[in-house]
Amino acid sequence: MNVSVVGSGYVGLVTAACFAEKGHKITCVDIDPQKIDKINNKIPPIYEEGLAEILESVVPHNLNATDDLLEAINSSQATFICVGTPCAADGQIDLTHIKKVSEQIGKILADKKNYHVVVVKSTVIPGTTQDHVIPLLESASGKTAGKDFGVVMNPEFLREGKAIIDFKKPDRVVIGSIDDESADLVEKLYYHFKAPVLRVDLKTAEMIKYTANSLLATKVSFINEVGNVCKKIGVNVYDVAQGIGLDHRISPHFLSAGPGFGGSCFPKDVSALIYKAGEVGVQPILLNAVLEVNRNQPEKVLELIEKQHEIKDSKIAVLGLAFKAGTDDVRQSPSIPIIEGLLDLGAVIQAHDFEALDATKKIFKDKITYHSEIKDALAGAELALILTEWPQYKKMDFTPMKEKKIFDTRYIINQDLLPEDVEYEGLCW
Ligand code: NAD
């Protein structure tokens, strides 16, 4: 099938690459010329394991990138909208990008002869596809949704860092639609992924995505809160998490205590759902608490470090900047407030990450130093602070440190293998 994908970020490019690998002809559309160039040269503009190999095999015969939306739509049967849906300062979802794209697509559909299906894959608050996307498509095209063109809401559940695996082996594919023809077309696209398909209406599809993210964020804040209690009473929260995670009603996933959730999804999606709840007169007590626990968690890291170390003028190696391992994404990463806090306390920060140095440079500029080798970040440091669970940190050599003190917020170091002169401290155990 010929498919166009608008927005070549984490979701759009992974969607495009995985469909292309299954033999579909994909055109990626983006407004960022650097991204377009990179994709056409088989270079992933984002870091995601396995993506480079897929681009290598599918560009240019099954996948190419362009800024020409008109050509992309005219040469495809379906268009996936994968642009960002950030939230405003008050938590409300910001629909600027998706509205703009909907209008542009509508204008092109006005002159398109063949049936076309528009698929909203961006995470949008319940009611958005019906109340914003469809009216914009209809007014710009002069056509009727469900009759002259199709509309589907197909939320994406991939995790950054495991995006390719998740896309290829989804737990389920959710298809929200207003007509069977377009839902059938999208279901066919996913045929090779052999996942259970759930067909619902547009608003339900949108709500499933917010509910999934809110529940996962709740699990993280829950275990972090429990972890903060564990720290005080001398219990290892990871043992507790294992003990409860073996219960099939709970599951072991998303029970890793740490410095809090970040990324471009959980914080903004929970905020947007809280805002929507308020709009419809519901006071979301639990969801507000989830965000509050998360906002406080970086503060807990700072409090504990401050108790044990003289921060002023001390060299601190910050190991891990991305909000999780396997990605270069630092959006809403807990590393940001923690580094800001340490700088306020007068620390000298030597930062390391495997993929996220460039993104972090845009935030902290010359306020900290950046190191692509762990040993250079550790050189002369009085404390190593592990913030991202990159597995490579498990086998670090602490020799370059001035004082061998480690504060591990992710519980990734095997204490039994640590040399005797290393002091090891954790966040929630
Ligand atoms: P992103 O910021 O990485 O990518 C968005 C892309 O859209 C950018 O490349 C940008 O240049 C492009 N863009 C913006 N306006 C455009 C326009 N008018 N025309 C063409 N391209 C345009 O975003 P993302 O992380 O991929 O997220 C996209 C959506 O998917 C969001 O709604 C997000 O909530 C949702 N989502 C994200 C994840 C994730 O892990 N990142 C997972 C599931 C769902």
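Each remark here, short or long, concerns the structure printed above.
Worth saying up front: this structure is predicted, and the values here are computed from it rather than measured.

Participant: Is there a simple way to explain the site of the ligand in this structure?
Facilitator: In the neighbourhood of the ligand, 26 residues make up the surrounding shell, with Asp 30, Lys 35, Thr 85, Glu 160 and Lys 268 lying closest. In the model, an oxygen atom of the ligand is placed 2.6 Å from a nitrogen or oxygen of the Asp 30 side chain. Within the side chain of Thr 85, one N or O atom sits 2.5 Å away from an oxygen atom of the ligand. Contact with the protein chains removes 90% of the 830 Å² of surface that the ligand exposes when unbound. The set of elements that each furnish at least two residues to the shell around the ligand consists of α1 (10-21) and α5 (96-109). Considered class by class, the residues forming the shell around the ligand number 10 nonpolar, 9 polar and 7 charged. Each of two domains, domain 1 (2-209) and domain 2 (236-429), supplies a minimum of three residues to the shell around the ligand.

Participant: Help me out: how do you make sense of the packing of aromatic side chains in this one?
Facilitator: Geometry of an aromatic ring pair is reported as the spacing of the ring centres plus the angle between the planes. Considering all chains together, one arrives at 15 aromatic pairs under this definition. Seen in terms of ring centroids, Tyr 238 and Trp 429 are 5.8 Å apart; in terms of plane orientation they differ by 85°. Their pairing is edge-to-face. A residue pair is termed long-range when its members are at least 10 positions apart, and Tyr 238 in helix α10 (residues 237-245) and Trp 429 in the segment after β14 (423-426) qualify at 191 residues. Put simply, the rings of Phe 19, Phe 80, Phe 167, Tyr 190 and Phe 193 touch in pairs and so form one group of aromatic residues. Over the aromatic face of Phe 157 sits the side chain of Arg 172, whose NZ or CZ is 3.6 Å from the ring centroid.

Participant: Hey, could you run me through a nonpolar patch on the surface in this one?
Facilitator: Residues Val 229, Ile 233 and Val 235 make up a contiguous nonpolar surface patch of about 250 Å² in total accessible area. Here Ile 233 shows up in helix α9 (residues 202-233). Classification of Ile 233 by relative accessible area gives exposed; the value is 60%.

Participant: Quick question: what am I supposed to make of the sheet that holds β14 here?
Facilitator: Strand-to-strand pairing in sheets goes through backbone hydrogen bonds, with the strands running parallel or antiparallel. The parallel open sheet is built from 6 strands, whose spatial order is β11-β10-β9-β12-β13-β14. The sheet terminates laterally at β11 (369-371) and β14, the two strands that pair on one side only. The mean angle between the axes of side-by-side strands here comes to 20°, regardless of whether they run parallel or antiparallel. Across 4 bridges, the pairing between strand β13 (residues 405-408) and β14 is parallel. The residue bridging Lys 405 from the neighbouring strand is Glu 423, located in β14. Packed onto the sheet, helix α14 (residues 357-364) meets β10 (348-352) and β11 and runs at close to 180° relative to β11.

Calculation notes
Residues numbered from 1 in each chain as written. Predicted model: local features only at pLDDT ≥ 70, side-chain atom pairs only at ≥ 80, totals over all residues. Heavy atoms only, no water. Near = heavy atom within 4 Å. Polar contact = N/O pair within 3.5 Å; in protein donor to acceptor, adjacent residues only side chain to side chain. Areas by Shrake-Rupley, 256 points an atom, 1.4 Å probe, with all protein chains shown as cover. Helix = DSSP H or I, 4+ residues; strand = E, 2+ residues; numbered from the N terminus. Nonpolar A, V, L, I, M, F, W, Y, C, P; charged D, E, K, R; others polar. Domains from an automatic or database assignment. Phe/Tyr/Trp six-rings, centres within 6.5 Å; stacked < 30°, edge-to-face > 60°. Lys NZ or Arg CZ within 6 Å of the ring centre and 35° of its normal. Patch = residues over 30% accessible without salt bridge, like charges linked within 9 Å, V, L, I, M, F, W, Y side chains within 5 Å. Salt bridge = Lys/Arg side-chain N within 4 Å of Asp/Glu carboxyl O. Buried < 20%, exposed > 50% of the residue type's maximum accessible area, 1.4 Å probe, protein only. Pairing = 2+ DSSP bridges. Axes fitted to C-alpha atoms, helices over the stretch in contact; angles between N-to-C directions. Contact = heavy atoms within 4.5 Å.

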